[in-house]
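The chain contents come next:
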Number of protein chains: 2
Amino acid sequence: MILTTDVATKPNSFIPPADSRTRVSKLMRDIQDEICLGLEKLDGVSKFREDSWDREEGGGGRTRVLCNGGVFEQGGVNFSEVWGKHLPPSILKQRPEAAGHEFYATGTSMVLHPRNPYIPTVHLNYRYFEAGPVWWFGGGADLTPYYPFPEDAAYFHQTLKQACDKHHPEYYNVFKKWCDEYFYLSHRQEMRGIGGIFFDYQDGQVPFYRGPELTGTAALYSDSIPASEPRTWEELLAFVTDCGKAFLPAYVPIAEKRKKMEYGDRERQFQLYRRGRYVEFNLVYDRGTIFGLQTNGRTESILMSLPPLVRWEYCYQPEPNTPEAELSEKFLKPQDWANWQAA
Amino acid sequence: MILTTDVATKPNSFIPPADSRTRVSKLMRDIQDEICLGLEKLDGVSKFREDSWDREEGGGGRTRVLCNGGVFEQGGVNFSEVWGKHLPPSILKQRPEAAGHEFYATGTSMVLHPRNPYIPTVHLNYRYFEAGPVWWFGGGADLTPYYPFPEDAAYFHQTLKQACDKHHPEYYNVFKKWCDEYFYLSHRQEMRGIGGIFFDYQDGQVPFYRGPELTGTAALYSDSIPASEPRTWEELLAFVTDCGKAFLPAYVPIAEKRKKMEYGDRERQFQLYRRGRYVEFNLVYDRGTIFGLQTNGRTESILMSLPPLVRWEYCYQPEPNTPEAELSEKFLKPQDWANWQAA
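From a predicted model like this one, the values you see are computed outputs, not experimental measurements.

Thresholds applied
- Residues numbered from 1 in each chain as written.
- Chains lettered and ligands numbered in written order.
- Predicted model: local features only at pLDDT ≥ 70, side-chain atom pairs only at ≥ 80, totals over all residues.
- Heavy atoms only, no water.
- Axes fitted to C-alpha atoms, helices over the stretch in contact; angles between N-to-C directions.
- Helix = DSSP H or I, 4+ residues; strand = E, 2+ residues; numbered from the N terminus.
- Parallel < 35°, antiparallel > 145°, perpendicular 65-115°, else oblique.
- Contact = heavy atoms within 4.5 Å.
- Nonpolar A, V, L, I, M, F, W, Y, C, P; charged D, E, K, R; others polar.
- Buried < 20%, exposed > 50% of the residue type's maximum accessible area, 1.4 Å probe, protein only.
- Lys, Arg positive; Asp, Glu negative; His and termini not counted.
- Salt bridge = Lys/Arg side-chain N within 4 Å of Asp/Glu carboxyl O.
- Polar contact = N/O pair within 3.5 Å; in protein donor to acceptor, adjacent residues only side chain to side chain.
- Pairing = 2+ DSSP bridges.
- UniProt positions renumbered as here; feature names shortened; annotations may be inferred.
- Expected span 1.5 Å × (residues − 1).
- Buried area = accessible area lost by both parts, 1.4 Å probe.
- Left-handed = near helix turned anticlockwise from the far one by under 90°.
- Phe/Tyr/Trp six-rings, centres within 6.5 Å; stacked < 30°, edge-to-face > 60°.
- Lys NZ or Arg CZ within 6 Å of the ring centre and 35° of its normal.
- Core = buried A, V, L, I, M, F, W, Y, C linked by side-chain atoms within 4.5 Å.

### Let's talk about the packing of helix 7 (residues 265-285) of chain B against helix 10 (residues 323-331) of chain B
All names here are of chain B.
- In contact at an axis separation of 11 Å, helix 7 and helix 10 are set at 30° when each is read in the N-to-C sense. Comparing the axis directions of helix 7 and helix 10 gives the class roughly parallel. Where helix 7 approaches helix 10, its residues Arg266, Phe270 and Arg274 are matched on the opposing element by Pro323, Glu324, Leu327 and Ser328.
- Residues of the contact of helix 7 with helix 10, tallied by class, amount to three nonpolar, one polar and three charged.

### Examining the side chain of Arg231(A)
Residue and element names in this part refer to chain A.
- Following the sequence through the fold, Arg231 ends up in the loop between helix 5 (218-224) and helix 6 (233-258).
- Summary of buried charges: Arg231 has no salt-bridge partner, and the nearest side chain of opposite charge, Asp203, is 5.7 Å away.
- A distance of 2.7 Å separates polar atoms of two side chains, one belonging to Arg231 and the other to Tyr171.

### So, the sheet that holds strand 4 (residues 103-114) of chain A
All names here are of chain A.
- If you walk across this open sheet you meet the seven strands as 1-2-3-4-5-6-9, and the pairing is antiparallel. Edge positions in the sheet fall to strand 1 (49-54) and strand 9 (195-202), since each of these pairs with one other strand and no more. The mean inter-strand angle of the sheet, taken between neighbouring strand axes irrespective of direction, is 5°.
- Alignment of strand 1 against strand 2 (residues 59-67), held across six bridges, turns out to be antiparallel. Its bridge partner being in strand 2, Asp54 is matched across the sheet by Gly60.
- Each of strand 6 (134-144) and strand 9 touches helix 4 (residues 171-182); the most contacted strand, strand 9, lies at about 100° to it.

### Concerning the environment of Ala154(B)
Residue and element names in this part refer to chain B.
- For Ala154, the position within the fold is in helix 3 (residues 150-165).
- The spatial distance from the C-alpha of Ala154 to the C-alpha of Glu326 is 17 Å, given a sequence separation of 172 residues.
- With sequence-adjacent residues up to four places away left out, Ala154 is seen in contact with Trp337 and Trp340.

### A look at the UniProt feature "active site" (unreviewed entry) in chain A
Residues and elements named next belong to chain A.
- Those residues carrying the UniProt feature "active site" (unreviewed entry) are His123 in this numbering.
- On the secondary structure map, His123 appears in strand 5 (residues 121-131).
- The class of His123 is buried, set by a relative accessible area of 15%.
- Those residues in contact with His123, other than ones at most four positions away along the chain, are Met110, Val111, Gly140, Ala141, Asp142, Phe183, Arg192 and Tyr278.
- A distance of 2.8 Å separates polar atoms of two side chains, one belonging to His123 and the other to Asp142.

### Remarks on helix 4 of chain A
- Taking 1.5 Å as the rise per residue, helix 4 of chain A with twelve residues should run 16 Å; its terminal C-alpha atoms sit 16 Å apart, in good agreement.
- Among all positions in helix 4 of chain A, only Tyr171(A), Tyr172(A), Val174(A), Phe175(A), Lys176(A), Trp178(A), Cys179(A), Asp180(A), Glu181(A) and Tyr182(A) are buried.

### A look at the interface of chain B and chain A
- If you look at the interface, chain B gives 30 residues, while chain A gives 30 residues.
- The contact between chain B and chain A buries some 2,800 Å² in all, and 60% of this surface belongs to carbon and sulfur atoms.
- The three residues of chain B that bury the most area against chain A are Glu300(B), Trp312(B) and Tyr314(B), which together make up 29% of that side's buried surface.
- At the junction of chain B and chain A, the tally comes to two salt bridges.
- Here Arg188(B) ties to Glu300(A) by a salt bridge, and the two come within 2.9 Å at their closest N and O atoms.
- Remark: the boundary between chain B and chain A carries 13 residue pairs in polar contact (both at pLDDT 80 or more).

### Some thoughts on the packing of helix 7 (residues 265-285) of chain A against helix 8 (residues 287-294) of chain A
All names here are of chain A.
- At a minimum axis distance of 6 Å, the contact between helix 7 and helix 8 shows a crossing angle of 55°. If you check the angle between helix 7 and helix 8, you find them oblique. Between helix 7 and helix 8 the crossing geometry is right-handed. Of the residues in helix 8, those touching helix 7 at Asn282, Leu283, Val284 and Tyr285 are Arg287, Thr289, Ile290 and Leu293.
- For the contact of helix 7 with helix 8, the per-class residue count stands at five nonpolar, two polar and one charged.

### Concerning the packing of aromatic side chains
Residues and elements named next belong to chain A.
- Inspection of every chain in the model, using the stated rule, returns 58 aromatic pairs over all chains.
- Seen from their ring centres, Tyr118 and Tyr147 are 5.0 Å apart, and the 50° between their planes marks the pair as tilted. Taken together, the residues span a long stretch of sequence, with Tyr118 in the loop between strand 4 and strand 5 and Tyr147 in the loop between strand 6 and helix 3 (150-165) at a distance of 29 residues.
- Judged by its relative accessible area of 13%, Tyr118 falls in the buried class.
- Judged by centre distance (6.0 Å) and plane angle (35°), the ring pair of Phe175 and Phe239 falls under tilted. On the criterion of sequence distance, the pair formed by Phe175 in helix 4 and Phe239 in helix 6 is long-range, its members being 64 residues apart.
- Residue classification places Phe175 among the buried positions, given a relative accessible area of 0%.
- For Phe239, a relative accessible area of 1% puts it in the buried group.
- Ring pairing ties together the aromatic residues Tyr126, Tyr171, Phe175, Trp178, Tyr182, Phe183, Phe198, Phe199, Phe239, Phe281 and Tyr285, which thus form one cluster.
- In this arrangement the basic side chain of Arg192 is found over the ring face of Tyr278, its NZ or CZ atom lying 4.0 Å from the centre.
- A cation over an aromatic ring shows up here: Arg258 above the ring of Phe149, its NZ or CZ 3.7 Å from the ring centre.

### Focus: the sheet that holds strand 5 (residues 121-131) of chain B
Residue and element names in this part refer to chain B.
- If you trace the seven strands from one edge of the open sheet to the other, you get 1-2-3-4-5-6-9, paired in antiparallel fashion. The open sheet terminates on both sides in strands that have one partner only, identified here as strand 1 (49-54) and strand 9 (195-202). The mean inter-strand angle of the sheet, taken between neighbouring strand axes irrespective of direction, is 5°.
- Pairing of strand 2 (residues 59-67) with strand 3 (residues 72-84) involves nine bridges; the strand directions are antiparallel. Bridge pairing in strand 3 links Gly60 to Glu81.
- Each of strand 2, strand 3, strand 4 (103-114), strand 5 and strand 6 (134-144) touches helix 1 (residues 20-43); the most contacted strand, strand 3, lies at about 170° to it.
- Sitting on the sheet, helix 7 touches strand 3, strand 4, strand 5 and strand 6, and the angle it makes with strand 4 is about 160°.

### Considerations on the nonpolar core
- In terms of nonpolar packing, the biggest core is built from 94 residues, with Leu39(A), Phe247(A) and Tyr251(A) touching the most fellow members.
- Considering every element that reaches this core, the biggest residue donor is helix 6 of chain A, with 14 residues.
- Setting aside anything within four residues of it in sequence, one finds Tyr251(A) in contact with Leu42(A), Phe72(A), Leu112(A), Pro114(A), Ile119(A), Pro120(A), Val122(A) and Leu143(A).
- Grouped together as the second largest cluster of nonpolar side chains are 73 residues, Val71(B), Leu124(B), Phe199(B) and Ile254(B) included.

This is the structure:
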């Protein structure tokens, strides 16, 4: 059963402060800055190129892309801050009480495509939305390896779990499962990667899980969430801040370790093939991508998430008992990575 | 104003014959066979590999894929014939009178990705649908060049126009515009290629144009179609038969001419980049692809339309006054190709 705490008992905590927009926007910029600096250090060869852009209806962003690096074949880190009078229909459907209000949205998003197939591709996105009485935080980070190293998956999850645990004992459990639900290619019956955390519609009220657009087992999670106290705007901002800070510690050590591994054409070809799954997910399922494309977003900033080189092969099947076969047979299944132990 | 002729005046002509399914299914198989033979002859190196497959709910298909050929880097020609009790919601919404009836659908579809960037990619699809009192034909063929040769675009259109003109003086005019409407990437404000013909919901009644899911200028076409006599099931079958037969004569001479042209890394890189647009269209907009993926179609048969190798490049801009710039600036705009004349 889902217990919903009465919001009226804590009215002040649920109203964003007067400077909410500038504070979240600064946080999103800070996350972008910190991550770009860390990634340039990791890459060692290339620097990010920045393009600032304006949005006609209101707002704009700064897109940063790094190409042909020492570690990264391509990587993009976006910041954007947009506002306007016309709420997207998808938002209105979700939150009818936002109707008639101007909206404001800010966020940072990132996809990195490393050259070495032993380094996983990684994605991060944190975002904030306001319209009249409605506001929420969303986002997450997830890892898409090409070759199965369970210790890397465990390390990535454990690092994100530490950030979650500082703020609520149930955050990681719920947001880890939400991530498994979201990054799923139903036409392949396959996860996009080994997950991480994902959340949306976090406005401080319980339950944490708000995924009406998700189907299947997601409903189970709602029921499994214990009754808990609502959280304030400040508490959520602090949570998202720590999630953003957890990214470099969660990813950089994995990339540092794997970048030294030698690989050949076989691994490269498998990486290019698996990148096709990333394209399929982003163009067929990802709400942010589809929404952006259909509402005159800046196409080049939205599609910088697509890999620089990709291949498709009809009916490809990896040879049995190879790392390539192990990836989809064993690795890309929901697992309790945070508690993984070497056999 | 749209004039709709009373169907009741010609009742018998609007009921498919008792053997409609076997006859259309045979036509679709024949189109597949004829095209595969013609393409193998053109390719000169590789042959199609055939995979037959069954569909649990009813029906199946035969997928044919040619890889690493002399002309084609990859090409696939599908035939499928499916039936079942559960009508897709998109069909029910379009034709509520089909509710409660079993459905039957058969078709052939094809995408060819040549290796030489001077040879255009090409797509063909013809299909037939029945459910209780409802039936219709749909399909078309369209060309996606990488380098602008207006004489090729004109030749392709003229050949399809000849097939159309044998059956109705307005077919080409309407179906050419419908094709321009359909194969459009709104997030790029760009056509996918130079078009061809496209039609759907052809059940013999007027108006020809039935695109409630299309927006924009499509509405204009409906009004511009003159009142005309309804066409019988037999007349439509004959029309689709001639469209299928027109494919090889419309495409092979272009490929034969261009395959001899030498190209280098510049042209290859541009081809790989432009193939990204094909992926974007098929995964974001193409109704057949999205519908297939979301309804447990055979994924490998649906996605054989994707190119074997693709690249994306952030903010790519061709140099001014090059063939690459001319492609999107001048060539990928709707044009009266059938009446094109060399300057």
